[in-house]
Amino acid sequence: MHNIPRLFRYLLIVSLLHLFVFTLLRVVFYFYFKPADAAFSTAETMQSFLFGLRLDLQLSLLLVLPLFVFSGFRLLSPFEYDTSRRFWLFFQFTAFAAVLYLYFNNFLFFMHNTQLLSARDSAYLFSADNMIRLFLTAVLALLLAALYGSLLNSLILYFSDVLVPLQTSLHKLLYALLGSLILLAGLYGQIGSQPLSLKDIPFAENTFPAQVAANPVLFYFTAAARGH
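To start, this report covers the structure provided alongside it. Computed from a predicted model, the values in this text were never measured in an experiment.

So, the pattern of salt bridges
All told, the structure shown has four salt bridges when counted by the stated rule. Between E80 and R6 there is a salt bridge; the shortest N-O distance is 2.8 Å. Taken as a pair, E80 in the loop between α2 (42–70) and α3 (82–113) and R6 in helix α1 (residues 6–33) lie far apart in primary sequence, 74 residues in all. Relative accessible area serves as the criterion here: at 35%, E80 is assigned to the partly exposed category. R26 is paired through a salt bridge with D56; the nearest N and O atoms lie 2.5 Å apart. Here R26, found in helix α1, pairs with D56, found in helix α2; they are 30 residues apart in sequence, far enough to count as distant. D56 carries the same exposure label as R26, and that label is buried.

This is the structure in structure tokens:
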């Protein structure tokens, strides 16, 4: 384990943290909005969550992708310099806060419209009637992102103190290639000619199992292109 580069170990922990948070929010969404007369089976529910986990993995890897690509350069490593550490903490804090903000507003939008928030509904995010709710969701997202940033800072400081074993250029190259393959596989999401996307959700569109399976952030940015 100690021979694995600390960047890989850090990104693995962060990705698992993302998946935990996204899964928790999916569970809350499911139990809060589940129709009383739901006619879908336990198998469909499990399929929704498993498919959603694959979409959540895509979003999680998208969030860590810039760090994976650029922090391989020593000047940009969060473990070597305080300036780089602060930059990456700010980046991760901002990205996570934005993700949580979309999640929370998706909850509010679904509560009143029984459909997921998409980019075509952007007016909702700037409506004067929703200003108080939007402000509260922004505050909540920032507070939770601050806790998230504090945790990440502790992780970075921990890995900064970890002794780095001597590695040859070949060793570094092999880990870079392996990490790239794992990252690309997770982003692609499936075996096939096309990467995993919302259109692959195995349910009729606009049914509750499909809404549970969809990742709210990916849905927001891609559903408009599908005419939703």
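Having seen the model, we can carry on.
Focus on the packing of aromatic side chains
Tallied over the entire structure, the rule returns 20 aromatic pairs. Measuring from centroid to centroid gives 5.6 Å for F22 and Y103, while their planes differ by 10°, and the two rings are stacked. You can see F22 sitting in helix α1 and its partner Y103 sitting in helix α3, a full 81 residues away along the chain. You can call F22 buried: its relative accessible area is 0%. A ring pair is formed by F29 and F208, whose centres lie 6.0 Å apart and whose planes are at 10°; its orientation type is stacked. Placement of the pair is F29 in helix α1 and F208 in helix α6 (residues 208–213), with a sequence separation of 179 residues. Accessibility classification places F29 together with F208 in one group, the buried group. Members of the aromatic cluster, each reached through a chain of ring pairs, are F29, Y30, F31, Y32, F33, F49, F107, F110 and F208.

The rules we used
- Residues numbered from 1 in each chain as written.
- Predicted model: local features only at pLDDT ≥ 70, side-chain atom pairs only at ≥ 80, totals over all residues.
- Heavy atoms only, no water.
- Salt bridge = Lys/Arg side-chain N within 4 Å of Asp/Glu carboxyl O.
- Helix = DSSP H or I, 4+ residues; strand = E, 2+ residues; numbered from the N terminus.
- Buried < 20%, exposed > 50% of the residue type's maximum accessible area, 1.4 Å probe, protein only.
- Phe/Tyr/Trp six-rings, centres within 6.5 Å; stacked < 30°, edge-to-face > 60°.

Geometric descriptors of this kind do not, in isolation, establish any biological role.
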